[in-house]
Amino acid sequence: MTSLQSEVGTGREERFLDRIGIPHSLRWGFLGLLVFMTGNGTESNFIQPHMEAVLGRPEAVVATVVTGYSLAVLIGSYLAGALSDLWGPRRVMAIGFGVWVVFEVLFLLSLQLGSLPLVAVTYFLRGFGYPLFAFAMLVWINITTPVQRNGVAVGWFYVMFTGGLPTLGSLVAVGAIPAFGGGTAGETGAMVVSIALVVAGFAISWLGVRADNGRGRIAPAGESTGQVLLSGLRLTFTRPKIAMGFLVRLINTAPQYGMFLVLPAVIADDRGWGQARYLTMTTLVYATNILVNAVFGAIGDRWGWRNTVRWFGVFGSAVGLLLWWYVPQWVPAGSDWGYWLSVAAGCLFGCLLAGFVPMGAIMPALTPDHKGAAMAMYTTAAGGAAFLGSGVVSLVLTLGLGNVGVVWAFVLLYAAAFVMVGFLKVPQDERGHRHQTPAEAGAG
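Residues numbered from 1 in each chain as written. Predicted model: local features only at pLDDT ≥ 70, side-chain atom pairs only at ≥ 80, totals over all residues. Heavy atoms only, no water.

## Thoughts on empty space enclosed by the protein
Okay, step 1: If you walk through the whole model with that rule in mind, you get two cavities of 30 Å³ or more.
Okay, step 2: Empty space within the largest cavity amounts to approximately 190 Å³.
Okay, step 3: In terms of lining residues, the largest cavity is bounded by 20 residues, among which Tyr158, Thr162, Arg249, Asn252 and Thr253 are the most central.
Okay, step 4: Ranked by residues supplied to the lining of the largest cavity, first place goes to helix H8 (residues 150-179) with four residues.
Okay, step 5: Considering the residues around the second largest cavity, the lining is formed by Arg90, Met93, Trp140, Phe202, Ser205, Trp206 and Val209.
Okay, step 6: Only helix H5 (89-113) and helix H9 (183-208) provide two or more residues apiece to the lining of the second largest cavity. (1 Å grid on protein atoms, 1.4 Å probe; cavity = no way out; pocket = protein on both sides within 12 Å on 5 of 7 lines; lining within 4 Å. Points joined across faces, edges and corners; volume = space filled by probe spheres on them. Helix = DSSP H or I, 4+ residues; strand = E, 2+ residues; numbered from the N terminus.)

Here you go:
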């Protein structure tokens, strides 16, 4: 069998998708992920004000409910990696889908009843759904893709992930809210549409992906269930580089989730551009991110994973975040040209945020003997970013430092990440390894 065969786990010659970093055997999984995350992301930019209006509760109370949801995402993200190691990613994706649909329906019913306790419980439990589905898919990608294309494969994962949450999800909301009458009724209608999208996304993945390597246990046969489930935590406490990689990925998208809570009122109300224009801004910002996720994965494979994360991801995102906050403050409120300049600043942040993509290749490379456990911590950090983002907002606002304090708190976190990335050196990232294609690596 040639070096170009069995690289993607199919025993077939490479195809076009393999060559651009998408394992051909998982192609329908990538599309299913995009559709699933579009459904999951539909509510992302209106859910907090929606709950405030429907329940008649203050912002601080609803923020606590959202923080509880983010905690469930954090736990679910760890379980996505650990359970994929134990049962295989295909089964974990099915569990995530079931959890999402059941508790989304119960969440919507709880809102109609106006019950804060039921809303809090059902929204918390729904939080386990999307990380189990999405990050189990990421594990599947990681065990299928040749290491020389790991960076770009992770980039394509985030093209689909961010393409749905929040980009296409926000676009669905823009169309669905007025279609269902606007206001809270329109927002409820948009969330009903989101259920249909999640079902469609799961069906595409479940029926389309037939790769056998995702159907069973990944972890070494000699490890007990307890050892497999706790292996990620054990690595984090015994290997400092894993801990630092975890923290860097945690910080990565925390500002994104924090801005979901801060910017809607600022852009729509304080700056006078309205909800529809804010949702349009969000769509364009993360559409920019989509366009360059795979590009930064490829840059990482060539220029170096660590260099790409440090200078584009960390430093670049900090600058982009400051511009996204300050440009809307500097331009005249309500002005058309000021709005589009603010959108451009946000798009710069969205673009440079993609510089973190190679972290998905760095983490398993830090401990090649326990890739599944390393990915469990990576997926935990990816999901935990929502918890950190909402937690920073809650803490800073409680301290009375205002929205500008939130932004600078995230900049300080980026500064810490800049230092930690310097320690994440792996052999595959050395100059002698970066430029090899899979064929060249096999020939060596």
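## Overview of the environment of leucine 366
Okay, step 1: Looking at the element boundaries, leucine 366 is found in helix H16 (residues 359-366).
Okay, step 2: Judged by relative accessible area, leucine 366 falls into the buried class, the value being 16%.
Okay, step 3: The spacing of leucine 366 and glutamine 112 is 254 residues in sequence and 48 Å in space, taken between C-alpha atoms.
Okay, step 4: Excluding residues within four positions of it along the chain, leucine 366 makes contact with Arg239, Lys241, Ile242, Leu424, Lys425 and Val426. (Buried < 20%, exposed > 50% of the residue type's maximum accessible area, 1.4 Å probe, protein only. Contact = heavy atoms within 4.5 Å.)

## A short note on the confidence of the model for the protein
Okay, step 1: Here the protein averages 88 in pLDDT, and 94% of its residues register 70 or above.
Okay, step 2: In this model, residues 437-444 is a region of pLDDT below 50 whose contacts with residues beyond four sequence positions or in other chains number twelve contacts. (pLDDT = per-residue confidence, 0-100.)

## Digging into the environment of asparagine 142
Okay, step 1: With respect to the element layout, asparagine 142 can be found in helix H7 (residues 129-144).
Okay, step 2: What makes asparagine 142 buried here is its relative accessible area of 6%.
Okay, step 3: In this structure the C-alpha to C-alpha distance between asparagine 142 and alanine 361, which are 219 residues apart in sequence, comes to 8.2 Å.
Okay, step 4: Once residues lying within four places of it in the same chain are set aside, the contact partners of asparagine 142 are Asn150, Gly360, Pro364, Lys371 and Met375.

## Here's the deal with H5
Okay, step 1: Helix length check: H5 (25 residues) gives 36 Å between terminal C-alpha atoms against 36 Å at 1.5 Å per residue, within 8%.
Okay, step 2: Where H5 ends, the next residue or the one after it, glycine 114, has phi of about 70°, a positive value. (Expected span 1.5 Å × (residues − 1).)

## Considering the pattern of salt bridges
Okay, step 1: On inspection of all chains with the given rule, the structure shows four salt bridges.
Okay, step 2: The partner of arginine 126 in a salt bridge is glutamate 43, with the nearest N and O atoms 2.9 Å apart. With a gap of 83 residues between them, arginine 126 in helix H6 (residues 116-126) and glutamate 43 in the loop between helix H2 (27-41) and helix H3 (47-55) connect regions that are remote in the sequence. Comparing arginine 126 with glutamate 43 shows no difference in burial state: the two are buried.
Okay, step 3: Between aspartate 212 and arginine 215 there is a salt bridge whose closest N-O contact spans 3.5 Å.
Okay, step 4: Taken together, the shared-partner salt bridges connect Glu43, Glu104 and Arg126 into one network. (Salt bridge = Lys/Arg side-chain N within 4 Å of Asp/Glu carboxyl O.)

## What to know about H3
Okay, step 1: Of the positions making up H3, those classed as buried are Ile47, Gln48, His50, Met51 and Leu55. When H3 is viewed along its axis, its buried side chains cluster within an angular range of 160° and face the same direction.
Okay, step 2: Packing partners of the buried residues in H3 comprise helix H4 (59-87), H5, H6, H9 and helix H12 (254-270). (Arc of directions from axis to C-beta.)

## Looking at the packing of H4 against helix H17 (residues 371-398)
Okay, step 1: Axis separation between H4 and H17 bottoms out at 7 Å; the angle between their running directions is 170°. The angle between H4 and H17 falls in the class roughly antiparallel. Of the residues in H17, those touching H4 at Thr67, Ser70, Leu71, Val73, Leu74, Ser77, Tyr78, Gly81, Ala82 and Asp85 are Gly372, Ala373, Ala376, Met377, Thr379, Thr380, Gly383, Gly384, Ala386, Phe387 and Ser390. (Axes fitted to C-alpha atoms, helices over the stretch in contact; angles between N-to-C directions. Parallel < 35°, antiparallel > 145°, perpendicular 65-115°, else oblique.)

## What to know about the environment of arginine 57
Okay, step 1: Tracing the backbone through its elements, the reader meets arginine 57 in the loop between H3 and H4.
Okay, step 2: The spacing of arginine 57 and leucine 116 is 59 residues in sequence and 8.7 Å in space, taken between C-alpha atoms.
Okay, step 3: What arginine 57 contacts, discounting residues up to four positions off in sequence, is Glu52, Val62 and Leu116.

## What about the layout of surface pockets?
Okay, step 1: Size it by volume and the largest pocket reaches roughly 760 Å³.
Okay, step 2: If you go around the largest pocket, you meet 41 residues; those closest to its centre are Ser44, Gln48, Pro49, Phe260 and Leu261.
Okay, step 3: Within the residue set of the lining of the largest pocket, elements represented by two or more residues are H2, H3, H4, H6, H12, helix H13 (274-303) and H17.
Okay, step 4: Broken down by element, the residue count for the lining of the largest pocket peaks at nine residues, all from H12.
Okay, step 5: The class makeup of the residues in the lining of the largest pocket is 22 nonpolar, twelve polar and seven charged. (Nonpolar A, V, L, I, M, F, W, Y, C, P; charged D, E, K, R; others polar.)

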